[in-house]
Amino acid sequence: MTESQNPEPKNSETEFFDRERIEALQLRRLQHTLSYAYQRVPLYQRKFDAAGVRPEDLRTLADLQHFPFTTKDDLRNEYPFGMFAVPQQEVARIHASSGTTGKPTVVGYTSNDLRNWADLVARSMRASGARPEHKVHIAYGYGLFTGGLGAHYGAEALGTTVIPMSGGQTEKQLQLILDFEPDVIMCTPTYLLTIMDAFTHRGIDPRSTSLKYAICGAEPWTEEMRQELEAGMGLDACDIYGLSEVMGPGVAGEFVQSKDGSHLWEDHFRPEIIDPFDHSTVLPDGESGELVFTTLTKEALPIIRYRTKDLSSLLPGTERPGMRRMSRISGRSDDMIILRGVNLFPSQIEEIALRIPALSPHFQLEISRPAGQRMDELTIKIEPRPESSSVEREAAALQLRKEIKVQIGSTAVIAVVEPGSLERSNGKLRRVYDLRTAR
Ligand code: DLL
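- Where an unreviewed UniProt entry is consulted, the chain appears under the name Phenylacetate-coenzyme A ligase, with the organism given as Psychromicrobium silvestre.
- Database annotation for the chain, UniProt heading Pathway (unreviewed entry): "Aromatic compound metabolism; phenylacetate degradation."
- Under the UniProt heading Catalytic activity (unreviewed entry), the note attached to the chain is "2-phenylacetate + ATP + CoA = phenylacetyl-CoA + AMP + diphosphate".

What follows is the structure in structure tokens.
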């Protein structure tokens, strides 16, 4: 994309652009991306033609709303490489996200894409407190998942000492944390919880380790969970957001000094929020809906108006006024439980449960249709804090049931189970079990 008369500004410069310069950069990069995608990817040509739009119809950023969306199904239908915009020799790396059903979604990167990705992860890590002199323990899974290698090259680009542990093998994680004394850990929030509990189990105070910063993402988590992890491990925990189809981790990152939601790196992505009900109207900043992204610099896999299914809202930038922030993801429309007409997300349960002192963050949601009944039933299996008494546990169950009724409007069956009995996270934790489909 580099033109000799007009060299592309460096990522270290664009990070500090004010809003006006960011939007000018976005418009220029967007115009380029639309014609690049139209010329090189047959699917985009077909979609644009069917919608009656041409790349040159984008004269302002608002014109983007006239262009068609891209979905996970598009990527699946073009499996594996149909949406790549460069010949295979120019693809430097491939990742894939394991779909729960059917074919995985395959994504590709040129060497420029990999450089930008590493820069954006490094930028996110720095925002969250990591510094070149730190040791960084990476416990996101390595492999086709973008978490491990995405974090890895970001940590290298920042100049840190990288410990590429990958996910799982919790006992070994503990040993390496004790022996190598990392300053920073990168893993999913629920896996950090697993690590924290495992330390306690071994009789080691999780607050006594060398860890000072955690950079957590890849799954929804709440402010209450942040407090749980920060207090339990004695560190600062920040959010990092991303998705394979758009890049991987580092699409947005949170600043440790403000912890006010992740800044979206708008020099590389143009975000939009669309109405979650009509699935098309672009909503103004501040309103909640589905996040949609258009990449501005991706060469191997430019993506136009990708529907993430993640629910969030756009807020003004604080630490980087040129970029907007995203509010914490409240959930994915995929994970939404509709119980007797009421919408409910696992993160709402997490929020409510963690405000009740006798309850732990370990819970599972089961949806079933008891025999002979016409209504679905939600059962929340939750572990109490190990130190709580049976009286406290009983009272906590009643309180949880009541708060869910008052705050969400749903009736749930609460099953307080033995501490340690629910499956622990190894990465992205599955919270919802739909027993209706298991029949
Ligand atoms: O999970 C990329 C990633 C790795 C992000 C490591 C952060 C850290 P996918 O496997 O493609 O990529 O899954 C993307 O995960 O659409 C969200 O639903 C969810 N997700 C990712 N980050 C967050 C977050 C990686 N910080 C999907 N908060 C996304 C909530 C998140 N949900």
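What follows continues from the structure just given.
**Some remarks on the overall build of the chain**
Now for step 1: For the chain, the helix and strand inventory stands at 11 helices and 21 strands.
Now for step 2: Computed over its C-alpha atoms, the radius of gyration of the chain comes to 22 Å, within 12% of the 22 Å expected for a compact globule of 439 residues.
Now for step 3: Dimensions along the principal axes, computed over C-alpha positions, put the chain at roughly 75 × 55 × 35 Å.
Now for step 4: Out of the 439 residues belonging to the chain, those deemed buried represent 55%.
Now for step 5: Once local pairs closer than 6 in sequence are excluded, the contacts in the chain between residues at least 24 apart make up 64%.
Now for step 6: Just so you have it, the chain exposes about 19000 Å², and 50% of that area is on carbon and sulfur atoms.

**Concerning the site of the ligand**
Now for step 1: Taken together, the neighbourhood of the ligand is formed by 19 residues, with Asp239, Ile240, Ser244, Asp310 and Lys428 sitting nearest.
Now for step 2: Pro220 places a main-chain nitrogen or oxygen 3.5 Å from a nitrogen atom of the ligand.
Now for step 3: Isolated, the ligand exposes 600 Å² of accessible area, and the fraction of that covered by the protein chains is 94%.
Now for step 4: The set of elements that each furnish at least two residues to the shell around the ligand consists of α6 (146–158) and β7 (236–243).
Now for step 5: Ranked by the residues each element gives to the shell around the ligand, the list is headed by β7, at 5 residues.
Now for step 6: Class assignment for the residues of the shell around the ligand results in 9 nonpolar, 5 polar and 5 charged.

What counts, and at which threshold
- Residues numbered from 1 in each chain as written.
- Predicted model: local features only at pLDDT ≥ 70, side-chain atom pairs only at ≥ 80, totals over all residues.
- Heavy atoms only, no water.
- UniProt positions renumbered as here; feature names shortened; annotations may be inferred.
- Helix = DSSP H or I, 4+ residues; strand = E, 2+ residues; numbered from the N terminus.
- Rg over C-alpha atoms; globule rule 2.2 N^0.38 Å.
- Buried < 20%, exposed > 50% of the residue type's maximum accessible area, 1.4 Å probe, protein only.
- Contact = heavy atoms within 4.5 Å.
- Areas by Shrake-Rupley, 256 points an atom, 1.4 Å probe, with all protein chains shown as cover.
- Near = heavy atom within 4 Å.
- Polar contact = N/O pair within 3.5 Å; in protein donor to acceptor, adjacent residues only side chain to side chain.
- Nonpolar A, V, L, I, M, F, W, Y, C, P; charged D, E, K, R; others polar.

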